[in-house]
Each structure stands twice: as C-alpha cells, then as structure tokens.
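# Remarks on the overall topology
Chain residues, written in single-letter form:
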Amino acid sequence: MPDHILSILKDLHHADEYTLLDGDKTASVQPSFGVKQGCHLSPLLFAIYLNDIDSIADGVKGALTDTPNFLVTHMLFADDLCLMSNDPNHMQTMLNKLRAYARRKSLTVNTQKSEVMCFNSYTSNLPPLFYDGAQLPYTDSFKYLGMVCDRRINLNTAADAALRPFTAGTFRIRQFIREHDLTNRLHICMWLLKTYAIPASMYASQVWATPFLRQGKEMDNPLQKWLMTVLKRILMVKDTAFSWCATSVV
C-alpha cells in the first residue's frame, strides 16, 4: 500500500475514542486495534486485511460438490468463516493454518462459537478436531448466516426455522391492519407484508439446488404454504382456492 494512503488511514484512526453507555454509567474507550465502528470505509479495510485468507487452504483438498472436479475448502462472509473438507486430516491442517494466520494478523477466533458438523455420518466415533489446543465440539445442527443446517442436509430444517419469525411477522401485520382499519386497503396490506414479513423468511428461501424449485414441488415448502395462506386472507380468497389464484392476482 502506498505510504501516503497508509498515512491517511492512520490519521483517521488516531486518537479514536468511544463512549460506552450502560444506564447511568459511562466509560470512555480508546481501542488500540480494529476499524472504526459505523465508518463506511471499515468493511473495505477489513476485506483487504483478510484478502489473503485463502492461504490457509493451500495444498488442502476441499469438500466435494455436485459439480465435477469442483471442491470447496471454505466460505467467508465478513468475519464468519466456514471450513469444509471430506478428509479430517485436511480439516485439521486448515485449522492449524488458521491459528498461524490469526496470530500473524492479531486476530482472535472465538472457539466458544466454533463447532464441527459431519454431514451424513452414521457413526458416533468421529475424529477430534482442535484449534489452538482446544477441542471443537460436534453438533447436529448450526446456524450459518441466519440459515439453520442439520447434518442430514434436510432443507425442511432451514424452512421450519425461518417459518417462526415469518409467522410472527404476519400476525403482527394482521393486528396492525385490524387496529388501523386497513382491511380494505389491499395495496397497503401487501406493502406491509412485503416490507416487514417476507424478508424474515428469505434466508431459508436462498437454498441452492432446493427440491422446492422442482416442478410440482413449489408448494411443499412450509414458507410458501404460509405465504399463500396469508395472501388468500388479505385478498379475501377462500383457503380452498387454488394457490395460483392468489399469485396471479399479486
């Protein structure tokens, strides 16, 4: 990085200070590392800082995919990192390299939030995996970027997990509609649904190779079923009507 740009970045973070509030208590904090919270430049700086994290996968064989000869070793979104491999020895190699990388970059990996999942395994005798001497626990399900996954790769698990906040959002909207006498204002009802309820269900909808995209399986998704139910009630269509009636009106 050119010296003058590095100098500008250092000046931006020089004497940086935050005030923490906890009720009537306040405290001033001067961070010695990290990027400025709320600064539009911070995500870019963080991405540049982690740009070489691919080095932890050098010489490692990643997880198999449905695409021939295409293996995936890791996925990174902001500071959420997911390592993948079909070989536990290669997984341990990546964990060891990640430890060295984190030390070199003065980063901390939170092992309390780190778990291991072995997909489609029918044995309880799974090889232990360690990070910096701490054994990482195995789990049957975990949440990655808001999507709940299980070790059987059952996409209904993700859909059911997203259904709860989606259902809660639709009930709050229905209550708001009744309280403000908006039942006959269909465009407002639809706007409220699209703005405040549907986004809560989007994580489980963003699934690659989902069986719900197959012809004839579109309505098997519990999220889709509930959405159709809500749409029919907003549009005052009978629940027994075909779902295409509601979607064509929308």
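Residues numbered from 1 in each chain as written. Predicted model: local features only at pLDDT ≥ 70, side-chain atom pairs only at ≥ 80, totals over all residues. Heavy atoms only, no water.

### Some details on the overall build of the chain
The following threshold applies: Secondary structure is summarised from DSSP: a helix means a run of H or I of at least four residues, a strand means a run of E of at least two, and numbering begins at the N terminus for each. Accessibility here uses a 1.4 Å probe with only protein chains present; expressed as a share of the type maximum, an area under 20% marks a residue as buried, one over 50% as exposed, and anything in between as partly exposed. Residues count as neighbours in contact if any of their non-hydrogen atoms are within 4.5 Å of one another. With residues, only the protein chains shown are counted as cover, and all accessible areas are computed by Shrake-Rupley using a 1.4 Å probe.
When helices and strands are counted, the chain shows 8 helices and 10 strands. Residue burial in the chain is summarised as follows: out of 250 residues, 29% are buried. The contacts in the chain between residues at least 6 apart in sequence include a share of 47% that link residues at least 24 apart. When the accessible area of the chain is evaluated, it comes to approximately 17600 Å², of which 55% is carbon and sulfur surface.

### Considerations on the pairing of strand β10 (residues 147-150)
To keep things clear, this is the line we draw: Two strands pair under a simple rule: DSSP has to find at least two bridges between them.
By the alternation rule, side chains of β10 split into Met147 and Cys149 and Val148 and Asp150, which are all buried. Bridge analysis of strand β9 (residues 141-144) against β10 gives 4 bridges, and the strand direction is antiparallel. Paired with Phe142 across the strands is Cys149, a residue of β10.

### A closer look at the packing of aromatic side chains
The condition that has to hold: Between 30 and 60 degrees the pair is tilted, below 30 it is stacked and above 60 it is edge-to-face, where a pair is any two Phe, Tyr or Trp rings, Trp via its six-membered ring, whose centres lie within 6.5 Å.
Per the stated rule, a full pass over the model turns up 2 aromatic pairs. On the numbers, 5.8 Å between centres and 40 degrees between planes, the contact of Phe171 with Trp226 is tilted. Of this pair, Phe171 sits in helix α4 (residues 155-179) while Trp226 is found in helix α7 (residues 222-234), placing the two residues 55 residues apart along the sequence. Among the residues examined, Trp226 registers a relative accessible area of 17% and is labelled buried.

### So, the environment of Val29
In this fold, Val29 is placed in strand β2 (residues 25-29). When its relative accessible area of 32% is taken as the criterion, Val29 is described as partly exposed. Sequence spacing of Val29 and Asp16 is 13 residues, and the spatial spacing of their C-alpha atoms is 8.6 Å.

### Considerations on the pattern of salt bridges
Threshold: The salt bridge criterion pairs a side-chain nitrogen of Lys or Arg with a carboxyl oxygen of Asp or Glu, the two atoms within 4 Å.
Applying the stated criterion to the full structure yields 4 salt bridges. With its nearest N and O atoms 3.3 Å apart, the salt bridge here joins Asp52 to Lys105. Highlighted residues: Asp52 in the loop between α2 (42-49) and β3 (63-64) and Lys105 in helix α3 (residues 88-105), separated in sequence by 53 residues. Put simply, Arg99 and Asp132 hold a salt bridge, and the shortest N to O gap is 2.6 Å. Linking Arg99 in helix α3 with Asp132 in the loop between β7 (130-131) and β8 (134-135), this pair joins segments that are 33 residues apart in sequence. Taken together, the salt bridges that share partners define one network made up of Arg99, Arg103 and Asp132.

### Some points on the nonpolar core
The following threshold applies: Nine residue types can take part in a nonpolar core, namely buried Ala, Val, Leu, Ile, Met, Phe, Trp, Tyr and Cys, and a core is a set of them joined through side-chain atoms within 4.5 Å.
Counting 18 residues, the largest nonpolar core has Phe166, Ile177, Leu193, Leu227, Leu231 and Ile234 as its most contacted members. Of all the elements in the fold, those that place two or more residues in this core are α4, α5 (186-197) and α7. Per element, the largest residue contribution to this core is 7 residues, and it comes from α7. When sequence neighbours within four positions are dropped, the list of residues in contact with Ile177 reads Leu182, Thr183, Cys189 and Leu192. Counting residues in each nonpolar core, the second largest holds 16 residues, with Ala57, Val60, Met94 and Leu98 among its members.

### Some details on α3
Inclusion rule: Given a helix with a known number of residues, its expected span is that number minus one, times 1.5 Å. Two N or O atoms count as a polar contact when they lie within 3.5 Å, although within protein this holds only if one can serve as hydrogen donor and the other as acceptor, and sequence-adjacent residues are included solely when both atoms are side-chain atoms.
Taking 1.5 Å as the rise per residue, α3 with 18 residues should run 26 Å; its terminal C-alpha atoms sit 25 Å apart, in good agreement. On its buried face, α3 is in contact with α2, β6 (80-83) and β7. The N-capping residue of α3, defined by a side-chain oxygen 2.8 Å from the backbone nitrogen of Asn89, is Asp87. Positive backbone phi, approximately 60 degrees, marks Ser106, located one or two places after α3.

### Looking at unusual backbone geometry
For Ile153, which is not glycine, the phi torsion reads 55 degrees and is therefore positive. Its location among the elements puts Ile153 in the loop between β10 and α4. Unusually for a residue other than glycine, Asp181 sits at a positive phi of about 50 degrees. Considering the arrangement of structural elements, one finds Asp181 in the loop between α4 and α5. In this structure Asp181 comes out as exposed when scored by relative accessible area, which is 65%.

### Considerations on the pairing of β2
Judged by how many residues are buried, β2 sits mostly at the surface: 0 of 5 residues are covered. Here 5 bridges tie strand β1 (residues 18-22) to β2, and the two strands are oriented antiparallel to one another. When the sheet's bridge partners are listed, Asp22 is paired in β2 with Lys25. What sits between β1 and β2 in their antiparallel hairpin is a turn of 2 residues, with Gly23 showing a positive phi close to 70 degrees.

Treat this as a map of the structure, not an account of what it does.
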